[in-house]
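Examination of the molecular architecture
For reference, the chains in residue letters:
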Amino acid sequence: MAHTPVHASWLNQIEIYFSVVQRKVVQPNDFTDLLQVRDRLRAFEDRYNATAQPFQWRFTTSDLDDLLARLDRHTPADRQEEFSVALAA
């Protein structure tokens, strides 16, 4: 069994990876053909796999308890008041 953090899923991690690919590989979009795209993607994959390290999750159950306590301190009435103040500004 693999324990993943409760605040992120494997899908979030994939989205982060593809965001990095878009920013570091695909942009700028100056390719003349699909072979250049393929070659750049493969070069990035090789470099990424050579340097990637497991991520050390630091979000603990006590961090979760703290977050939930902070969220509980904000009642729906507090949010309505904040919304009203923002509209008046």
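Residues numbered from 1 in each chain as written. Predicted model: local features only at pLDDT ≥ 70, side-chain atom pairs only at ≥ 80, totals over all residues. Heavy atoms only, no water.

1. Things to note about the environment of Asp33
Of note, Asp33 is situated in the loop between α1 (10-26) and α2 (34-51). Reaching out from Asp33, the side chain makes a polar contact with the backbone nitrogen of Leu35 at a distance of 3.2 Å. Here Gln36 takes part through its backbone nitrogen, which lies 3.0 Å from a polar atom of the side chain of Asp33. (Helix = DSSP H or I, 4+ residues; strand = E, 2+ residues; numbered from the N terminus. Polar contact = N/O pair within 3.5 Å; in protein donor to acceptor, adjacent residues only side chain to side chain.)

2. Some thoughts on the pattern of salt bridges
Tallied over the full model, the rule gives two salt bridges. The closest approach of N and O atoms between Arg40 and Asp30, which form a salt bridge, is 3.3 Å. Linking Arg40 in helix α2 with Asp30 in the loop between α1 and α2, this pair joins segments that are 10 residues apart in sequence. Assessed through its relative accessible area of 46%, Asp30 is described here as partly exposed. Across the pair Arg38 and Asp39 runs a salt bridge whose closest N-O atoms are separated by 3.0 Å. Overall, the relative accessible area of 37% leaves Arg38 in the partly exposed class. (Salt bridge = Lys/Arg side-chain N within 4 Å of Asp/Glu carboxyl O. Buried < 20%, exposed > 50% of the residue type's maximum accessible area, 1.4 Å probe, protein only.)

3. Remarks on the confidence of the model for the protein chain
When the pLDDT values of the protein chain are averaged, the result is 80; 72% of them are 70 or greater. Mean pLDDT values for the elements of the protein chain range from 65 in helix α4 (residues 76-88) up to 93 in α2. (pLDDT = per-residue confidence, 0-100.)

4. Here's the deal with the packing of aromatic side chains
Tallied over the full model, the rule gives four aromatic pairs. Ring plane angle 75 degrees and centroid distance 5.6 Å describe the contact between Tyr17 and Phe18, whose orientation is recorded as edge-to-face. By relative accessible area, Tyr17 is classed as partly exposed at 25%. On the basis of relative accessibility, which here comes to 52%, the residue Phe18 falls in the exposed class. When the ring of Tyr17 is compared with that of Phe44, the centres are 6.1 Å apart and the planes differ by 45 degrees; the resulting orientation is tilted. Of this pair, Tyr17 sits in helix α1 while Phe44 is found in helix α2, placing the two residues 27 residues apart along the sequence. For Phe44, a relative accessible area of 14% gives the class buried. (Phe/Tyr/Trp six-rings, centres within 6.5 Å; stacked < 30°, edge-to-face > 60°.)

5. Focus on a nonpolar patch on the surface
A cluster of nonpolar side chains, namely Phe59, Leu67, Leu68 and Leu71, defines an oily patch on the protein surface of about 320 Å² accessible area. Relative to the helices and strands, Leu68 is located in helix α3 (residues 61-73). Taking the relative accessible area as the measure of exposure, Leu68 reaches 42% and is therefore partly exposed. (Patch = residues over 30% accessible without salt bridge, like charges linked within 9 Å, V, L, I, M, F, W, Y side chains within 5 Å. Areas by Shrake-Rupley, 256 points an atom, 1.4 Å probe, with all protein chains shown as cover.)

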